[in-house]
Amino acid sequence: MSRYWSKVVHGLTPYVPGEQPKLPDLVKLNTNENPYGPSPRVIEALRAEAADSLRLYPDPASERLREAIAAFHGVEASQVFVGNGSDEVLAHAFLALLKHDAPILFPDITYSFYPVYCGLYGIEYQEIPLTESFEIRVDDYFVANGGIIFPNPNAPTARLLALGEIERLLAKNTESVVVVDEAYIDFGGESAVGLVNKYPQLLVVHTLSKSHSLAGLRVGYAIGQADLIQALVRVKDSFNSYPLDRFAQAGAIASMQDREYFDQTRHKVMATREKLVADLDALGFEVLPSAANFVFARHPQHDGAELAQALRERSIIVRHFRKPARIAPFLRITVGTDEQCQALVTALRELLA
Ligand SMILES: Cc1ncc(COP(=O)(O)O)c(C=O)c1O
């Protein structure tokens, strides 16, 4: 606290990201990164970018990248907005599309950055409780609102909402924007991108941090009708004209163009997830159905915080949330390589014995 701080800063409760420890030899299963490196074509593109041209500003509109994303999804480049990680894309969406007079709606258990953006931009919100089995019930969102946002699959529960349910929501909720945050959709869900031309109020947000193995490059994007995209561009150009540097643009283009590598790695992650779920199940864990690159699991006889701490003492880190109380018994475990998941299961087996 300082008298030099603005009133806004005094009132902020910032987001706390999962830790990035500097220790070697950790089994790091706490921030939903991909255990595999990016496509070799990305590395090649980054090397080629390390050149004299770095003295020049990057393309402020990321034209070529937006074209590559548009080609990947079968939409127009005018329907694509890119940002410095999907966190930045989401932040701009809160200001550009979700700040209205009525409160916005999101689940009570969800990505904990949403209320932080509301605090930053002075947006009122109402949390809609998930069902007892941690599902989003679309009918609960059929109330007057300034906008709706949720991740699909949801985080940290990993549960998927069927595309038909999203369409039911869109058919009913036509007067405000619906943002579907598809950070984890490539690990088993069906994307809502195919609905954007039908529903002008739909914005779908993606990231290259998970399924493209590029958390370190910071690239995310949104797809919607051009009208929504223009609102995001207005905010971006009132904030930072060059959110994506030359490396980010070049690397992301190469990644969007290597669909084969993308498919290979996400299928490997999904196969490992199925084995991990079976192993956890055999140890007595209750695992929520996962369509993401992480699982959310609790053990009926063991405390979540204590298990996380005991794993940490064995150099395995997973994520544990103390709040809300309903999820305190759970561990959120990122799907690693087969070897990393095996190390986790072996450690848990010893701990539970
Ligand atoms: C649901 C959800 N949305 C968005 C993000 C942000 O991803 P990034 O800023 O790396 O693109 C995350 C990251 O963990 C997430 O879990």
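Residues numbered from 1 in each chain as written. Predicted model: local features only at pLDDT ≥ 70, side-chain atom pairs only at ≥ 80, totals over all residues.

Novice: What exactly am I supposed to notice about unusual backbone geometry here?
Specialist: The step from Asn152 to Pro153 runs through a cis peptide bond, and the omega angle for that step is -5°. Inspection of the secondary structure assignment puts Pro153 in the loop between strand E5 (148-151) and helix H6 (163-172). With an omega of -10°, the peptide bond running from Lys323 to Pro324 counts as cis. When you line up the elements, Pro324 lands in the loop between strand E11 (316-318) and strand E12 (330-334). Positive phi is not limited to glycine here, since Ala158 has a value of about 75°. Here Ala158 lies in the loop between E5 and H6. Positive phi, normally seen in glycine, also occurs at Ser315, with a value near 65°. (Helix = DSSP H or I, 4+ residues; strand = E, 2+ residues; numbered from the N terminus.)

Novice: Mind showing me how you'd approach the site of the ligand here?
Specialist: In the region of the ligand, 13 residues are neighbours, and Gly85, Ser86, Asp87, Thr207 and Ser209 sit closest. If one sorts the elements of the shell around the ligand by residue count, helix H4 (residues 85-98) sits on top with three residues. (Near = placed C-beta within 6 Å.)

Novice: I tried to follow the nonpolar core on my own but got confused; where do I start?
Specialist: The tendency in soluble globular proteins is for nonpolar side chains to be buried as a group. If you look at the biggest cluster of nonpolar residues, it comprises 99 residues, and the most contacted ones within it are Ala93, Leu203, Val204, Ala222, Ala252, Val295 and Ala297. Here this core gets eight residues from one element, more than from any other, and that element is H4. Structurally, this core is a two-domain feature, drawing no fewer than three residues from each of domain 1 (7-36 + 262-352) and domain 2 (40-259). Not counting chain neighbours up to four residues away, the residues in contact with Ala297 comprise Leu280, Phe285, Glu286, Val287, Phe330, Leu331 and Ile333. (Core = buried A, V, L, I, M, F, W, Y, C linked by C-beta atoms within 7 Å. Buried ≥ 20, exposed ≤ 12 C-beta atoms within 10 Å, placed from the backbone. Domains from an automatic or database assignment. Contact = placed C-beta atoms within 7 Å.)

Novice: Sorry if this is basic, but what is going on with the packing of helix H3 (residues 63-73) against helix H8 (residues 246-257) here?
Specialist: For any two helices packed against each other, the geometry is given by the interaxial angle and the distance between the axes. Close contact between H3 and H8 brings their axes to 9 Å; oriented N to C, the two are set at 20°. Considering their axes alone, H3 and H8 lie roughly parallel with respect to each other. Relative to H8, the crossing made by H3 is left-handed. On H8, the residues touching Arg64, Leu65, Ala68, Ile69 and Phe72 of H3 are Gln249, Ala252, Ile253, Met256 and Gln257. Looking at the contact of H3 with H8 residue by residue, the classes come out as seven nonpolar, two polar and one charged. (Axes fitted to C-alpha atoms, helices over the stretch in contact; angles between N-to-C directions. Parallel < 35°, antiparallel > 145°, perpendicular 65-115°, else oblique. Left-handed = near helix turned anticlockwise from the far one by under 90°. Nonpolar A, V, L, I, M, F, W, Y, C, P; charged D, E, K, R; others polar.)

Novice: What is the right way to read the environment of Val9 from this model?
Specialist: By secondary structure assignment, the location of Val9 is in helix H1 (residues 7-10). In this structure, the C-alpha to C-alpha distance between Val9 and Ala183, residues 174 residues apart in sequence, is 28 Å.

Novice: Where do I start with the pairing of strand E10 (residues 294-298) in this structure?
Specialist: Two faces make up the sheet, and in a regular strand the side chains alternate between them. The buried fraction of E10 amounts to four of the five residues, a majority that puts the element mostly inside the structure. Here strand E9 (residues 286-287) runs beside E10; their pairing, made up of two bridges, is antiparallel. In the strand pairing of E10, Glu286 is matched with Arg298. The antiparallel pairing of E9 with E10 creates a hairpin that spans six residues between the two strands. In this structure, E10 lies alongside E12, joined through five bridges in antiparallel fashion. Bridge pairing in E12 places Phe294 opposite Thr334. (Pairing = 2+ DSSP bridges.)

Novice: Is there a simple way to think about H8 in this case?
Specialist: Within an α-helix, residues lying three or four positions from one another point in the same direction, as the helix has 3.6 residues per turn. In this model, H8 (12 residues) spans 17 Å end to end at C-alpha, consistent with the 16 Å of a helix rising 1.5 Å per residue. Regarding H8, the residues found buried are Ala248, Gln249, Ala250, Gly251, Ala252, Ile253, Ala254, Ser255 and Met256. Here the buried face of H8 lies against helix H2 (40-49) and H3. (Expected span 1.5 Å × (residues − 1).)

Novice: Where do I start with the pairing of strand E7 (residues 202-207) in this structure?
Specialist: Among the six residues of E7, six are classified as buried, and the element is accordingly described as predominantly covered. Side chains of E7 alternate between two faces, with Leu202, Val204 and His206 and Leu203, Val205 and Thr207 buried alike. Pairing between strand E6 (residues 178-181) and E7: four bridges, direction parallel. Across the sheet, residue Val178 finds its bridge partner in E7, namely Leu202.

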